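# Residue-level structure breakdown
Next come the chains, spelled out residue by residue.
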Amino acid sequence: MSTPEDNRYAKSHEYVHVEGDIGTIGITEYAQKELGDVVFVELPQVGSQLEAADELGSIESVKAVSELFSPVSGEVVEVNEALADKPELVNTDPWGDGWMIRIRLSDPSEVDELMTAEEYDEFVEKEAGH
Amino acid sequence: MSETTGPLKKTPLNQVEHELGGKMVDFGGWELPVQYSGILEEHDAVRNRVGLFDVSHMGEITVKGPQALELLQKTTCNDVSKLDNGRAQYNGLLYPNGGFVDDILIYQNAPNDYFIVVNASNTDKDYEWFAQQAQGLDAEVKNVSADYAQLAIQGPEAERVLQQTTDADLSSIKYYRFGNGTVDGVPAIISRTGYTGEDGFEVYVSPEHAPRIFRKFVELGAKPCGLGARDTLRLEAKMALYGNDIDDTTTPLQADLAWIVKLEKGDFAGRDVLQKEKAAGPPRKLVGFEMVDRGIGRHGYPIVDGSNEIGVVTSGTHSPTLKKAIGLAYLPLDKSAHGSEFTILIRGKETRARVVPTPFYKRAK
């Protein structure tokens, strides 16, 4: 699956998709594959303030727990309630229905510091290569 | 994701595993697949159909000679004299302090002729321990791990698949028994044992034949499974994992394995300690738990009572069969009753869990 070009990417494998001043955050296809079957996603409350690189929650797969980090700063305006019952959406549709939170960006310039799809693909290739 | 700290050891099935899309990881120095298609799918295949595991990393040790039984009796806590030819026994190899050198499976070929299967990472340690304890006894100890590949074919359809490849009558091999036969035309030890809580077999063959036999089982419908599913399956069945649930600091009584402790069999390493623990009660006990709050208590997470650390989680996962978070933990004896609640610190957060009866999963007979 190709990495969507209209997203920006963090080294910790979250993506942010920006429309206006709202960023939708989730984890990448590569990240969900590395994690394996996701069974539980812990997300912040609507209204919480996050700084870029803050822990926004955690994700449990059958084999391990991983922390999630926010690629950008802002206020959480929506969390994906569907993940409570269907955490597997993160595996089946990480770019779409498996999104995690929506955030109102407090500093849109942060987005420019994140990787482009091309840069992210290169980054993953290096990380996966032995 | 694995760190390179030197060349990883490879089993005879390494190439097949790569070809079948195994996601390879460093498992105690061995390159092995953690999963192929996904842990949940593989777990489900074993519970409902048939799955196939490469467990060739496990060690094999033979003990033979006029005093072979004597050697095993003095080094282990279960009663090896109860074995007959063609039977297998789960046992604890113990230090004098009652802690586990390893948990092992002993097969009796003939009186004073034993084949022992040990945990991969303990193979050298176990061999040296047996060899040292054999001094002055007429018993020969050999590490024959390199002579065997081990395939575990597990699940309700395991017998049907394996039977198509063997001349042995599998219906006559009952649980915890084994036989010698051929599999796909080559000599094999066929044992009705496993580490999944499901019916199934462990098959020992010469390494050069293992890739062909592995592929054959896959062709016949067995789903290749990795270490991830092996762990969720064994945990649901509450089978101990050395290095997680048991080690050289835990006794079999603490580990809730009283059924392998036979104090009346005569003297053995650790017997004094176990006798005292049996009389007074062990200081702690391995219990099964379910999470009350959301989250998963995993290996190494502390159990707290206020500011005191009173125990530790030794294994924890999401149970694919029960669809909830389960685990094993050491708790003080007076807090280990079924139904008691306790607090696990999950990355700093107090999270409630409850002691429950085990095994978490038991197959219908």
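Residues numbered from 1 in each chain as written. Chains lettered and ligands numbered in written order. Predicted model: local features only at pLDDT ≥ 70, side-chain atom pairs only at ≥ 80, totals over all residues.

Quick look at the overall build of chain B now. If you tally the helices and strands in chain B, you get eight helices and 20 strands. Expected size for 365 residues packed as a compact globule is a radius of gyration near 21 Å; at 20 Å, chain B falls within 12% of this value. Taken over the C-alpha atoms alone, chain B extends approximately 60 × 50 × 45 Å along its principal axes. (Helix = DSSP H or I, 4+ residues; strand = E, 2+ residues; numbered from the N terminus. Rg over C-alpha atoms; globule rule 2.2 N^0.38 Å.)

A tally of helices and strands in chain A yields five helices and nine strands. In chain A, the succession of helices and strands from N to C terminus is β-β-β-α-β-β-β-β-β-α-α-β-α-α. Radius of gyration (C-alpha) of chain A: 14 Å, near the 14 Å computed for a compact globule of 130 residues. The dimensions of chain A, computed from C-alpha atoms along their principal axes, are 35 × 35 × 20 Å. Sorting the 130 residues of chain A into buried and exposed places 41% on the buried side. Sequence separation of 24 or more characterises 61% of the internal contacts of chain A that already satisfy a separation of 6 or more. (Buried ≥ 20, exposed ≤ 12 C-beta atoms within 10 Å, placed from the backbone. Contact = placed C-beta atoms within 7 Å.)

Turning next to the nonpolar core. When a protein is soluble and globular, its nonpolar side chains tend to lie buried together. Residues Val63, Ile106, Ile116, Leu151, Ile153 and Val203 of chain B are the most contacted members of the largest nonpolar core, which totals 126 residues. Every residue in contact with isoleucine 153 of chain B, bar those within four places of it in the chain, is listed here: Val50, Leu52, Ala158, Val161, Leu162, Gly200, Phe201, Val203, Phe217 and Ala222 of chain B. (Core = buried A, V, L, I, M, F, W, Y, C linked by C-beta atoms within 7 Å.)

This part is about helix α2 (residues 39–48) of chain B. Residue and element names in this part refer to chain B. Counting buried positions along α2 gives seven out of 10 residues, so the element sits mostly inside the fold. By the burial criterion, the buried members of α2 are Ile39, Leu40, Glu42, His43, Ala45, Val46 and Arg47. Where the residues of α2 are buried, they touch β3 (30–35), β4 (51–54), β10 (149–154), β14 (223–224) and α7 (227–236).

Further remarks concern the interface of chain A and chain B. Of the residues lining the interface, 10 residues belong to chain A; the matching set on chain B comes to 15 residues. Taken together, the residues that form the side of chain A that touches chain B break down as four nonpolar, two polar and four charged. (Nonpolar A, V, L, I, M, F, W, Y, C, P; charged D, E, K, R; others polar.)

What follows deals with the pairing of β4 of chain B. Residue and element names in this part refer to chain B. Burial of β4 is two-sided: the residues Gly51 and Phe53 facing one way and the residues Leu52 and Asp54 facing the other way are all buried. Across four bridges, the pairing between β4 and β10 is antiparallel. Bridged to leucine 52 within β10 is isoleucine 153. (Pairing = 2+ DSSP bridges.)

Moving on to the environment of asparagine 97 of chain B. Residues and elements named next belong to chain B. Among the structural elements, asparagine 97 can be located in the loop between β6 (87–94) and β7 (100–110). Taking the C-beta count within 10 Å as the criterion, asparagine 97 has 12 such neighbours and is therefore assigned exposed. When the C-alpha atoms of asparagine 97 and threonine 314 are compared, they prove to be 21 Å apart, with 217 residues separating the residues in sequence. In contact with asparagine 97, other than residues within four places in its own chain, are Gly270 and Val273.

Residues and elements named next belong to chain A. Read across the sheet, six strands follow the order β1-β2-β3-β9-β8-β5 without closing on themselves; strand pairing throughout is antiparallel. Edge positions in the sheet fall to β1 (8–9) and β5 (49–50), since each of these pairs with one other strand and no more. Where β5 lies against strand β8 (residues 74–79), two bridges are found, and the strand directions are antiparallel. By the bridge assignment for β8, glutamine 49 is matched with glutamate 75.

It is worth spelling out the packing of α2 of chain B against α7 of chain B at this point. Residues and elements named next belong to chain B. Contact geometry for α2 and α7: axes closest at 8 Å, N-to-C directions at 55 degrees. On the basis of the axis angle, α2 is oblique to α7. Judged by the twist between their axes, the crossing of α2 over α7 is right-handed. Here Ile39, Glu42, His43 and Val46 of α2 come into contact with α7, specifically with Gly228, Ala229, Thr232 and Leu233. Partitioned by chemical class, the residues of the contact of α2 with α7 number four nonpolar, three polar and one charged. (Axes fitted to C-alpha atoms, helices over the stretch in contact; angles between N-to-C directions. Parallel < 35°, antiparallel > 145°, perpendicular 65-115°, else oblique. Left-handed = near helix turned anticlockwise from the far one by under 90°.)

The next thing to look at is the environment of threonine 249 of chain B. All names here are of chain B. Checked against the element boundaries, threonine 249 lands in the loop between α7 and α8 (271–280). A count of 11 C-beta atoms within 10 Å places threonine 249 in the exposed class. A sequence separation of 148 residues divides threonine 249 from valine 101, and the C-alpha atoms of the two residues are 9.4 Å apart.

Quick look at the sheet that holds strand β18 (residues 324–332) of chain B now. All names here are of chain B. Taken together, six strands build a closed barrel; the order of strands is β15-β18-β17-β16-β19-β20 and the barrel is antiparallel. Neighbour-to-neighbour, the strand axes of the sheet open up by a mean angle of 45 degrees, direction not taken into account. In the sheet, strand β16 (residues 302–305) pairs with strand β17 (residues 308–319) via four bridges, with the strands oriented antiparallel. Across the sheet, the residue bridging to isoleucine 303 is glycine 311, located in β17. α7 contacts β17 and β18 of the sheet and is inclined by roughly 115 degrees relative to β17.

What follows is about the confidence of the model for chain B. Any segment with low pLDDT has predicted coordinates that should not be analysed in fine detail. Across chain B, the average pLDDT comes to 96, with 99% of residues at or above 70. For this predicted complex, the interface confidence comes out at an ipTM of 0.79, alongside a pTM of 0.92. (pLDDT = per-residue confidence, 0-100.)

Here the focus is unusual backbone geometry. Cis rather than trans, the peptide bond between threonine 358 of chain B and proline 359 of chain B has omega equal to 0 degrees. Residue position: proline 359 of chain B is located in the segment after β20 (349–356). At histidine 13 of chain A, a position not held by glycine, the phi torsion is positive, near 75 degrees. Residue position: histidine 13 of chain A is located in the loop between β1 and β2 (14–19). Classification of histidine 13 of chain A as buried rests on a count of 24 C-beta atoms within 10 Å. Even without a glycine there, the phi angle at lysine 238 of chain B is positive, about 50 degrees.

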